[in-house]
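This is what each chain is made of:
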2 protein chains.
Amino acid sequence: MSTLNHKAKVRLHVPSRLAAGQTVTIEGTQTHYLSHVMRLGVGNRIKVFNGDDGEWVAEINGQKRGSVSLRIEEQIRKRAAEHGPVLAFAPIKKDGMDFIAIKATELGAERLAPVTTDHTAVGRVNEDRLRANAIEAAEQCGRLSVPMIDSVLPLAAFLETWPTTSRLYVLSPNAVDSIYDVFSEMSGSSERNTRQPGFLIGPEGGFSTAEERMFDTIECVRRVKMGQRILRAESAALAVLACWQAIAGDWR
Amino acid sequence: MSTLNHKAKVRLHVPSRLAAGQTVTIEGTQTHYLSHVMRLGVGNRIKVFNGDDGEWVAEINGQKRGSVSLRIEEQIRKRAAEHGPVLAFAPIKKDGMDFIAIKATELGAERLAPVTTDHTAVGRVNEDRLRANAIEAAEQCGRLSVPMIDSVLPLAAFLETWPTTSRLYVLSPNAVDSIYDVFSEMSGSSERNTRQPGFLIGPEGGFSTAEERMFDTIECVRRVKMGQRILRAESAALAVLACWQAIAGDWR
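Residues numbered from 1 in each chain as written. Chains lettered and ligands numbered in written order. Predicted model: local features only at pLDDT ≥ 70, side-chain atom pairs only at ≥ 80, totals over all residues. Heavy atoms only, no water.

Topic: the confidence of the model for chain A
Keep in mind that low pLDDT regions are not for reading the predicted coordinates in detail. Put simply, the rule reads: For every residue, the predictor states its confidence as a pLDDT score lying anywhere from 0 to 100. Contact definition: two residues touch when any of their heavy atoms are within 4.5 Å.
In this model, chain A carries an average pLDDT of 93, and 96% of its residues clear a pLDDT of 70 or more. In this model, residues 1–5 of chain A is a region of pLDDT below 50 whose contacts with residues beyond four sequence positions or in other chains number 12 contacts.

What about the relation of the copies chain B and chain A?
The condition that has to hold: The atoms used to superpose the copies are C-alpha atoms, taken from residues with pLDDT of at least 70 in both, and the fit is least squares.
The operation relating chain B to chain A is a screw motion whose rotation component is 180 degrees, with 0.0 Å of axial translation and a residual RMSD of 0.0 Å. Read as a symmetry element, the transformation amounts to a two-fold axis. For chain B, the minimum C-alpha distance to the rotation axis belongs to Cys243 of chain B and amounts to 2.5 Å. Here 100% of the contact residues of chain B are again contact residues in chain A; the copies associate through an equivalent surface.

A look at the sheet that holds strand 2 (residues 23–27) of chain A
Residues and elements named next belong to chain A. Note the threshold: DSSP-based pairing: two strands are paired if at least 2 bridges between them are found. Helical segments are the DSSP runs of H or I of at least four residues, strand segments are the runs of E of at least two, and each set is numbered from the N terminus. Interaxial angle, 0 to 180 degrees, is taken between N-to-C directions of lines fitted to C-alpha atoms, where a helix line uses only the stretch in contact.
With respect to topology, five strands assemble into an open sheet ordered 1-3-4-5-2, the strand pairing being mixed. Since the sheet does not close on itself, it has two edges, and those belong to strand 1 (11–13) and strand 2, each with one partner. Geometrically, the sheet is characterised by an average inter-axis angle of 40 degrees between neighbouring strands, direction not taken into account. Direction of pairing for strand 1 relative to strand 3 (residues 45–49): parallel, over a ladder of three bridges. The partner of Leu12 across the bridge, within strand 3, is Val48. Contacts between helix 2 (residues 29–37) and the sheet are confined to strand 1, strand 2, strand 3, strand 4 (55–64) and strand 5 (67–77), with strand 2 contributing the most and set at about 95 degrees to the helix. Sitting on the sheet, helix 4 (residues 127–141) is in contact with strand 1 and strand 3, with an inclination near 145 degrees to strand 1.

Observations regarding the interface of chain B and chain A
Quite often, the size of an interface is put as the accessible area lost when its parts meet. Formally: By definition, the buried area sums, over both parts, the 1.4 Å-probe accessible area that each loses when the two are put together. Counted as salt bridges are all cases of a side-chain nitrogen of Lys or Arg within 4 Å of a carboxyl oxygen of Asp or Glu. Side-chain atoms alone can form a polar contact between residues adjacent in sequence; in general such a contact is a pair of N or O atoms within 3.5 Å, and within protein one must be able to donate a hydrogen while the other accepts it.
Chain B puts 30 residues into the contact, and the matching count from chain A is 30 residues. A buried area of about 2,900 Å², summed over both sides, lies between chain B and chain A, and 57% of it is on carbon and sulfur atoms. Three residues, Tyr180, Arg229 and Trp251 of chain B, lead the burial of chain B against chain A; their summed loss comes to 27% of the area buried on that side. There are six salt bridges connecting chain B and chain A. Arg232 of chain A is the partner of Glu106 of chain B in a salt bridge, and the nearest nitrogen-oxygen pair spans 3.9 Å. Between chain B and chain A we count 16 residue pairs in polar contact (both at pLDDT 80 or more) in total.

Remarks on the pairing of strand 2 (residues 23–27) of chain B
Residue and element names in this part refer to chain B. Using the following cut-off: Note on exposure labels: buried denotes an accessible area under 20% of the residue type's maximum, exposed denotes more than 50%, and partly exposed covers the range between, all computed with a 1.4 Å probe on protein chains only.
On strand 2, burial follows the alternation: Val24 and Ile26 on one face are buried, whereas Thr23, Thr25 and Glu27 on the facing-out side are not. Two strands pair when backbone bridges link them, and strand 2 and strand 5 (residues 67–77) are joined in this way by five bridges, in the antiparallel orientation. Bridged to Val24 within strand 5 is Leu70.

Concerning the packing of helix 3 (residues 94–106) of chain A against helix 4 of chain A
Residue and element names in this part refer to chain A. Where we set the bar: Should the near helix be turned anticlockwise from the far one by less than a right angle, the crossing is left-handed, and should it be turned clockwise, the crossing is right-handed.
Packing of helix 3 against helix 4 brings their axes to within 8 Å, and their N-to-C directions diverge by 35 degrees. In this structure, the crossing between helix 3 and helix 4 has a hand that is right-handed. For the pair helix 3 and helix 4, the contacting residues are Lys94, Met97, Asp98, Ala101, Ile102, Thr105 and Glu106 in the first and Arg129, Leu130, Asn133, Ala134, Ala137, Ala138 and Cys141 in the second.

Some thoughts on the environment of Lys225 of chain B
Residue and element names in this part refer to chain B. Take Lys225: it is sitting in the loop between strand 12 (221–224) and helix 8 (233–247). Spatially, the C-alpha atoms of Lys225 and Asp177 are 6.3 Å apart, while their sequence positions differ by 48 residues. What Lys225 contacts, discounting residues up to four positions off in sequence, is Ser172, Pro173, Ala175, Val176, Asp177, Ser178 and Ile179.

Here we look at the packing of aromatic side chains
All names here are of chain B. Inclusion rule: Only Phe, Tyr and Trp rings take part, Trp by its six-membered ring, and two of them pair if their centres are within 6.5 Å. Stacked means planes under 30 degrees apart, edge-to-face means over 60, and tilted covers everything else.
Under the criterion given, the structure shown has 17 aromatic pairs over all chains. Taking the centre distance of 5.7 Å and the plane angle of 25 degrees together, the rings of Tyr169 and Phe199 count as stacked. Linking Tyr169 in strand 10 (residues 168–171) with Phe199 in strand 11 (residues 198–201), this pair joins segments that are 30 residues apart in sequence. Each member of the pair, Tyr169 together with Phe199, is buried. Measuring from ring centre to ring centre gives 5.0 Å for Phe207 and Phe215, while their planes differ by 85 degrees; the resulting arrangement is edge-to-face.

Things to note about the pairing of strand 7 (residues 111–116) of chain A
Residue and element names in this part refer to chain A. This is how the line gets drawn: With the strands pointing away from the viewer, any crossover whose connection runs clockwise from the first strand over the helix to the second is right-handed.
Of all six residues in strand 7, five are buried, a share of seventy percent or more. Of the strand pairs in this sheet, strand 6 (residues 86–89) and strand 7 are connected by four bridges, and their pairing is parallel. Residue pairing for strand 7: Ala88 is matched across the bridge by Ala113. Each parallel crossover has a hand, and the one from strand 6 via helix 3 to strand 7 is right-handed. Note that strand 7 and strand 8 (residues 148–149) share two bridges and pair parallel. Directly across from Leu112, in strand 8, lies its bridge partner Ile149.

Details of the sheet that holds strand 4 (residues 55–64) of chain B
Residues and elements named next belong to chain B. The sheet built from five strands is open, its strands ordered 1-3-4-5-2 with mixed pairing. Edge strands, defined here as strands with exactly one partner in the open sheet, are strand 1 (11–13) and strand 2. Each neighbouring strand pair of the sheet contributes to a mean axis angle of 40 degrees, computed without reference to strand direction. Contacting strand 1, strand 2, strand 3 (45–49), strand 4 and strand 5, helix 2 (residues 29–37) crosses the sheet at an angle of about 95 degrees to strand 2. In this fold helix 4 (residues 127–141) packs onto strand 1 and strand 3, with an angle of close to 145 degrees to the strand it touches most, strand 1.

Quick notes on helix 8 (residues 233–247) of chain A
The criterion, for reference: Here the expected span of a helix is defined as 1.5 Å times the quantity of residues minus one.
An ideal rise of 1.5 Å per residue puts 21 Å on 15 residues; helix 8 of chain A measures up with 21 Å between its terminal C-alpha atoms. Burial of helix 8 of chain A is extensive: 15 of the 15 residues sit out of reach of the surface.

Structure representation (structure tokens):
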């Protein structure tokens, strides 16, 4: 569409609807980033997206202390469905969760679901912080949408809400099946593009024996393992998403 | 072998040779970790490994300010070859490189090679810091060896030292072939277990046109891509190692 596309390096997620000629005001940390980190001002152009209206070029047409106004000019990418897997994970320490939110966004997760388990050591999940990390990662990796952030649920409640027609892969060092065997089954199947898979990553201490036993009683759950080395929870989250995208997802 | 195996939770890499009855002294940050973080003292047992002699149980038999001595008791894992791929990467900012060293160790890389390229923005590589991160990750993930850390080389020199019989996969968003297609080719081939593959990850700014052109002239180099979203350098490093292990490496 427009060559403006190539000139604008900054890309921001905005909560407002986007349409040609509209004015959108941004505030807070995004203003600081635009004005002080990227040193952009009136007349400069950026890209904006909101998850609903695709991606647009916008011109900065007003700048005040703490707020910047943008005139929406031209659509450069249409709205497109961005289907991806669900990543469920036991809350871990702050840095690890920042990491999970950022990397899962880059790797195309559609939904992030914090789930507390028997051995979960971290009680509090800052959902706003997860969302802020996901937004920043979506801005940088070129996605048109930001992953949804679910409220924290205990494992049993999470499993109850999980649709029985979708596969939920539980990462467990005690599992027998390898990622490759299980994912390549899916990649050839008709389910591949129709049903949203999920992955569940346990806490540093792993799942309890009772939890592992419960997984084996649920038909849509499949326990899988990733080799012999001990992976940290956040490494396992990134690794399983990358393997999925490579073997059965949108990298093929 | 011994049930001591299960009781000792702390696992340290030591530079000394290990044999039953020997005394080994550790100093510096490991002493601090043992005495003050894990609060272990005389009579407590830990596991130690050194990359050459497998893994041993050791008893703390002396503790001074700044040093701890260990009596090596019993071997619990024999020395075993841990073959893995080479991860070559353009230096990035400190946090990103810490991340690469830690995650590449967890994911089984055998060698880490920092390589400067046309668009590399970070000049200095702290090899000691890379090594310290790799050691810590090896301690935690259960490896018997620590990845080797190469000295920084310019891209041309790195490519000259690369064995022509080994595949070097260069991650590039401009590539045509997907990870899956390229890796599954290898997974069925007789090369799989005999030749050490390498992966090369460019800097944030990507490879220059001249570099991309050069890659296409080298027979053992194959450019591959991982989807449409923009991955940060450190995410690409972890993702490609995970995909390799899952499709053609030791997770199968």
